[in-house]
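Chain by chain, the residues run as shown.
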Amino acid sequence: MSNSNIVQRVLATHAGWGTLALRIPVGIIFAAHGAQKLFGWFGGYGLEGTGQWMASIGLAPGYLMALLAGGTEFFGGLALIAGLLVRPASAALAFAMVVAIFSAHLDKGLFVANNGYEFALALLAVTVSLVFTGAGRASLDRTLGQKPA
């Protein structure tokens, strides 16, 4: 398979407008959470504080884990908003949510009021859906993935 075929497959999407309703709000949520981890914005703790917390729950080295999680969330969220490379971004975000569920939330039960996994599970469901559907009609993926006439 040639490189252009691989790119075409990654960018391909036959989904309609509905994915836009998933991508924009979830992209904003991820980008904001990533900004908390990376930059300390929106009341976050930045890389140092997030890294210390991650190390305390067994995700070591904490600073690196904070950088990976924050970068995935921030840049993955921006990718969802733009509709660019949505499949790989969604796959990385889905993986991050699986890690979050099992490392930080599962033992607290379902409900978010108890710091449970329901919110991470909802984000996981959206990202897995986007892995399968692609970015949809209103996306850079669709524009870039169209075969020239």
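Residues numbered from 1 in each chain as written. Predicted model: local features only at pLDDT ≥ 70, side-chain atom pairs only at ≥ 80, totals over all residues. Heavy atoms only, no water.

(A) Just helix 6 (residues 118-133), in detail. The first and last C-alpha atoms of helix 6 sit 23 Å apart over 16 residues, in line with the 22 Å expected at 1.5 Å per residue. Taken together, the buried positions of helix 6 are occupied by Ala120, Leu123, Leu124, Val126, Thr127 and Leu130. Relative to the axis of helix 6, the buried residues are bounded by an arc of 165° and lie together on one face. Check the buried side of helix 6 and you find it contacts helix 2 (18-39), helix 4 (62-82) and helix 5 (86-105). Of the residues flanking the end of helix 6, it is glycine 134, one or two places downstream, whose phi is positive at about 85°. (Helix = DSSP H or I, 4+ residues; strand = E, 2+ residues; numbered from the N terminus. Expected span 1.5 Å × (residues − 1). Buried < 20%, exposed > 50% of the residue type's maximum accessible area, 1.4 Å probe, protein only. Arc of directions from axis to C-beta. Contact = heavy atoms within 4.5 Å.)

(B) Local environment of a nonpolar patch on the surface. Nonpolar side chains collect at one region of the surface, where Ile28, Phe75, Leu78 and Ile81 lie side by side and expose about 360 Å² of accessible area between them. Considering every element that reaches the nonpolar patch, the biggest residue donor is helix 4, with three residues. Note on placement: isoleucine 28 falls in helix 2. (Patch = residues over 30% accessible without salt bridge, like charges linked within 9 Å, V, L, I, M, F, W, Y side chains within 5 Å. Areas by Shrake-Rupley, 256 points an atom, 1.4 Å probe, with all protein chains shown as cover. Salt bridge = Lys/Arg side-chain N within 4 Å of Asp/Glu carboxyl O.)

(C) Focus on the side chain of glutamate 73. Within the secondary structure layout, glutamate 73 lies in helix 4. Glutamate 73 gets classed as buried once you look at its relative accessible area, which sits at 6%. Separated by 3.4 Å, the side chain of glutamate 73 and the backbone nitrogen of glycine 34 make a polar contact. Polar contacts involving the side chain of glutamate 73 include one to the side chain of lysine 37, which spans 2.9 Å. Not counting residues within four places of it along the chain, the set of residues in contact with glutamate 73 comprises Phe30, Ala31, His33, Gly34, Lys37, Leu93 and Met97. (Polar contact = N/O pair within 3.5 Å; in protein donor to acceptor, adjacent residues only side chain to side chain.)

(D) A look at the packing of helix 2 against helix 6. It is the contact of helix 2 with helix 6, at a shortest axis distance of 11 Å, that shows an interaxial angle of 130°. Classified by the angle their axes make, helix 2 and helix 6 are oblique. Regarding helix 2 and helix 6, the two cross each other, and that crossing is left-handed. Along its contact with helix 2, which presents Thr19, Leu22, Arg23, Val26, Ile29, Phe30 and His33, the element helix 6 presents Phe119, Leu123, Val126, Thr127, Ser129, Leu130 and Thr133. (Axes fitted to C-alpha atoms, helices over the stretch in contact; angles between N-to-C directions. Parallel < 35°, antiparallel > 145°, perpendicular 65-115°, else oblique. Left-handed = near helix turned anticlockwise from the far one by under 90°.)

(E) Up close: helix 2. Over its 22 residues, helix 2 runs 32 Å from end to end, which matches the ideal 32 Å to within 8%, given 1.5 Å per residue. Within helix 2 the residues assigned to the buried category are Thr19, Arg23, Val26, Gly27, Phe30, Ala31, Gly34, Ala35, Lys37 and Leu38. Buried residues in helix 2 make contact with helix 3 (46-56), helix 4, helix 5 and helix 6. One or two positions beyond helix 2, positive phi appears at glycine 40, with a value near 75°.

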